[in-house]
Amino acid sequence: MEILFEDKISKLPDDLILNILSFLLTVDVVPTCLLSKRWKNIWHLVSTLSLSDDRMPNFKNFCNYVDNCLEHRKRGMANDNSVLIKSFKLQIMDFDPRNNAPYIDKWLDFVVENKINELYICLNPEEVEDEDDDDYGELLYYCLPQTMLLNARNITVLDLHGIEILDNATNYRINFPSLKSLKMENFRMHNAVLFNFVLGCPLLERLILIEYINSGDNLCLVSSRLKYMKLKGANKVQLLQIKAENIEYLEIVDVPFDGGEFSLGKNIPKGNFHSYTIENKVTELNLDLKPGKGKNYDSYYYYNSTQLNRFDDFGIELGYSFSFPSLKSLSLEDIGLADNVKNDVLSKSFMDCPSLEELLLTSCHNLSTTHHPLLVKNPTLKFMKITFDVSLQVEAINLESLELCWACLGKINLSSCKAIRNLSLSYCEWDTTTQSSFEDLISNLPLLEDLI
């Protein structure tokens, strides 16, 4: 019996084939096109150039290959105006900017001249190992040329790894009028240059900064259209300022600073004070703050967020109450009260979150006294977890599940929580100075089903 194998791949439409080829390294595209006669001349139509020295350890050979490739694509675009390159990706594993930067400069000129939309550059900064070199032990970064900073008008996506921008970039206007997404990782520049960079991107919606080797006292980022921002890993700054009135997601991790001014809503706060103003459009906020050594955060306030549904905070002191009408989950870790501030501030905040369903308090301090317990009053609260010793009065008629860890049970009043079904106690003890007993506590929970 003869078995016939049908060539179904060759029958795929050109658009689908081009899309598949765009995910390959350019060095693999041409050999792949030889699999079918119909594909023989299709390689020059692929909209992505993906170039890597991973298989070419000799940098000179790699440069010759890239030059030839770009020359072929340039001739192809000259003969057919419909042939466009939309994405340019460059990865160099071992890069010495002192000797090889002119090659990158030339290739970036190609990107600008041909109005390419997406640019991805991944370079590994090289450490100077020659002990006789004045730069011994220093990391050498590729410096993004001024022509790119001024003339890349068509770039919409920019992803840079292992670059730097010189301080003199503050003397001219960086111009990326079409840029919507900017990601920079393991990069070096002055804070004033970064401020100028972001300011020159009027359409920027997504900003990711990772392993930022920065210099300068203050870091200020201002963007009117920014919706997503992630800042992870940077040198210490005295003042961190973020003004983004349309932000929807903000994540700050491992960024030490002495003071912060965050305005994430329509109203920009005035005055020189330490505050976070979270308003209007924020739906998710994750702050892992690293306060400057010896600094006390005593004037933070949070108010009037209409769409926030989850809030996590760590390591600050509250001086004002907050109000989040749509907040459903609140987690406070290592929270304290500023001097001369009563815990009524925090109690009022719980009441001013009318949609709150989940509350977690961990390792907090200075929140209560024997004569002035912390009041948690909220009719929508369903789950609560307390992981520290605190005098607590809970008035939550819909609370169904309660977890207590390292708590002194005699200091906790649950008389108004008749709906509790699940109670978990870990490393808890009873305050022998109170007249109530553990049996009294349990007897006031008529719906209790699980006690762990």
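Residues numbered from 1 in each chain as written. Predicted model: local features only at pLDDT ≥ 70, side-chain atom pairs only at ≥ 80, totals over all residues. Heavy atoms only, no water.

Quick notes on the overall build of the chain
At step 1: Within the chain one finds eight helices and 28 strands.
At step 2: Counting every position in the chain, which comprises 452 residues, the buried fraction comes to 46%.
At step 3: By sequence separation, contacts in the chain at least 24 residues apart represent 48% of the contacts at least 6 residues apart.
At step 4: Counting only carbon and sulfur atoms, one obtains 48% of the accessible surface of the chain, whose full area is about 22500 Å². (Helix = DSSP H or I, 4+ residues; strand = E, 2+ residues; numbered from the N terminus. Buried < 20%, exposed > 50% of the residue type's maximum accessible area, 1.4 Å probe, protein only. Contact = heavy atoms within 4.5 Å. Areas by Shrake-Rupley, 256 points an atom, 1.4 Å probe, with all protein chains shown as cover.)

Some thoughts on the packing of aromatic side chains
To describe a pair of aromatic rings, you give the distance between the ring centres and the angle between the ring planes.
At step 1: Enumeration according to the criterion identifies nine aromatic pairs in this entry.
At step 2: Ring centres of F59 and F62 lie 6.2 Å apart, and the angle between their planes is 45°; on these two criteria the pair is classed as tilted. Of this pair, F59 and F62 both sit in helix 3 (residues 59–79), separated by three residues, roughly a single helical turn.
At step 3: By relative accessible area, F59 is classed as buried at 14%.
At step 4: Between F176 and F197, the ring centres sit 5.3 Å apart and the planes meet at 5°, which makes this aromatic pair stacked. Here F176 is found in the loop between strand 8 (163–164) and strand 9 (181–190), whereas its partner F197 is found in helix 6 (residues 191–199), with 21 residues between them in sequence.
At step 5: Classification of F197 by relative accessible area gives buried; the value is 0%.
At step 6: What links up through ring pairs into an aromatic cluster is the set F59, F62, F95, Y103, W107 and Y142.
At step 7: Positioned above the aromatic ring of Y228, the side-chain terminus of R206 is 4.1 Å from the ring centre. (Phe/Tyr/Trp six-rings, centres within 6.5 Å; stacked < 30°, edge-to-face > 60°. Lys NZ or Arg CZ within 6 Å of the ring centre and 35° of its normal.)

Describing the pairing of strand 1 (residues 48–52)
At step 1: Counting buried positions along strand 1 yields five of five residues, so the element is predominantly enclosed.
At step 2: The alternating pattern of strand 1 places T48, S50 and S52 on one face and L49 and L51 on the opposite face, and all of these are buried.
At step 3: In terms of strand pairing, strand 1 meets strand 2 (residues 87–92) through five bridges, oriented parallel. Among the inter-strand pairings, S52 is bridged to a residue of strand 2, identified as Q91.
At step 4: Between strand 1 and its parallel partner strand 2, the chain crosses via helix 3, and the hand of that crossover is right-handed. (Pairing = 2+ DSSP bridges. Right-handed = clockwise from strand over helix to strand, strands pointing away.)

Regarding the pattern of salt bridges
At step 1: Considering all chains together, one arrives at eight salt bridges under this definition.
At step 2: A salt bridge links E403 to K385, with the nearest nitrogen and oxygen atoms 3.9 Å apart. Here K385 lies in strand 23 (residues 383–387) and E403 lies in strand 25 (residues 401–405), a separation of 18 residues in the sequence. (Salt bridge = Lys/Arg side-chain N within 4 Å of Asp/Glu carboxyl O.)

Thoughts on the sheet that holds strand 24 (residues 392–395)
The strands making up a sheet associate through backbone hydrogen bonding, with each pair oriented either parallel or antiparallel.
At step 1: Here three strands make up an open sheet; going across it, the order is 22-24-26 and the pairing parallel. Of all strands in the sheet, those bounded by a partner on one side alone are strand 22 (374–377) and strand 26 (412–413).
At step 2: Of the pairings in the sheet, the one linking strand 22 to strand 24 comprises four bridges and is parallel in character. Among the inter-strand pairings, K377 is bridged to a residue of strand 24, identified as E395.

Section: unusual backbone geometry
At step 1: One non-glycine residue with positive phi stands out, namely K115, at about 55°.
At step 2: Note that K115 resides in the loop between helix 4 (97–113) and strand 3 (118–123).
At step 3: Positive phi, normally seen in glycine, also occurs at W406, with a value near 60°.
At step 4: The topology assignment puts W406 in the loop between strand 25 and strand 26.

Some points on the state of the cysteines
At step 1: Under the counting rule described, the total for this entry stands at zero disulfides.
At step 2: We note that C405 lacks a disulfide partner, and the nearest cysteine sulfur, in C428, lies 6.5 Å from it. (Disulfide = S-S within 2.5 Å.)

Observations regarding the confidence of the model for the chain
At step 1: A residue-level look at the chain finds 72% of positions with pLDDT of 70 or above and a mean pLDDT of 77.
At step 2: Averaged pLDDT values over the elements of the chain bottom out at 34 in strand 15 (residues 275–277) and peak at 96 in strand 7 (residues 157–161).
At step 3: Contacts of residues 266–308 to residues separated by more than four positions or lying in other chains number 149 contacts, the stretch itself having pLDDT below 50. (pLDDT = per-residue confidence, 0-100.)

Let's talk about the side chain of S52
At step 1: Tracing the backbone through its elements, the reader meets S52 in strand 1.
At step 2: Reaching out from S52, the side chain makes a polar contact with the backbone nitrogen of D54 at a distance of 3.2 Å.
At step 3: Only 3.4 Å separates the side chain of S52 from the side chain of Q91, close enough to count as a polar contact. (Polar contact = N/O pair within 3.5 Å; in protein donor to acceptor, adjacent residues only side chain to side chain.)

Overview of the nonpolar core
At step 1: Of all hydrophobic cores here, the largest spans 70 residues; its most connected members are F88, W107, F176, M184, F197 and L240.
At step 2: A total of seven residues in this core trace back to one element, the largest contributor, which is helix 3.
At step 3: When residues no more than four places from it in sequence are discounted, the contact partners of F88 are L49, L51, L70, W107, V111, I116, E118, L119 and Y120.
At step 4: The next biggest cluster of nonpolar side chains, apart from the first, holds 33 residues, and it includes L361, M384, L402 and L414. (Core = buried A, V, L, I, M, F, W, Y, C linked by side-chain atoms within 4.5 Å.)

Some remarks on the side chain of H161
At step 1: Turning to its location among the elements, H161 is positioned in strand 7.
At step 2: A residue is classified by how much of its surface remains accessible, and H161, at 17% relative accessible area, is buried.

A look at the environment of L448
At step 1: Tracing the chain through its elements places L448 in the loop between helix 8 (438–443) and strand 28 (450–451).
At step 2: Distance in space between the C-alpha atoms of L448 and A419 is 7.7 Å, their sequence separation being 29 residues.
At step 3: Apart from residues no more than four positions distant in its own chain, L448 is found in contact with I420, R421, N422, L423 and I442.

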